[in-house]
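Below, each chain spelled out in residue letters.
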Amino acid sequence: MTYREINMSIKGLLRKKMRVLRQSPSDTANFFDDYGLSKWEINLLLYNVEDHFNIRLRNGLEDEIHTINQLVNVIHNEKQRQVDSRVNLN
């Protein structure tokens, strides 16, 4: 999965699941300040991300993730880790 595909999926989750009303959310906008999400809502977003991408994110990530770019990087790295572990098994 490419970085761009992950980015578009995150923006879709923000619109559909989190009801962020911006047409094209900025990649560098802050979840708290610009989108008005609470810490609880960030946790809900991370839950939806885990479900959508079929990954498991580490605990405490809601305190570290503040922008779409940061979240996309975490997801992209986790997906790459999954691919690498499959390659190493073969």
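The structure displayed is predicted, hence computed values, not measured ones. (Residues numbered from 1 in each chain as written. Predicted model: local features only at pLDDT ≥ 70, side-chain atom pairs only at ≥ 80, totals over all residues. Heavy atoms only, no water.)

With that settled, consider the side chain of Glu62. The topology assignment puts Glu62 in the loop between helix 2 (39-53) and helix 3 (68-89). Sequence-distant contacts of Glu62, that is, excluding residues within four places in its chain, are made with Phe32, Lys39, Ile42, Asn43 and Leu46. (Helix = DSSP H or I, 4+ residues; strand = E, 2+ residues; numbered from the N terminus. Contact = heavy atoms within 4.5 Å.)

Per the counting criterion, the structure on display carries five salt bridges. The salt bridge partner of Glu78 is Arg81, with a shortest N-O separation of 2.6 Å. In this pair, Glu78 and Arg81 are both assigned in helix 3, three residues apart and thus about one turn of the helix distant. Accessibility expressed as a relative area gives 15% for Glu78, which makes it buried. Overall, Arg81 belongs to the partly exposed group, its relative accessible area being 48%. (Salt bridge = Lys/Arg side-chain N within 4 Å of Asp/Glu carboxyl O. Buried < 20%, exposed > 50% of the residue type's maximum accessible area, 1.4 Å probe, protein only.)

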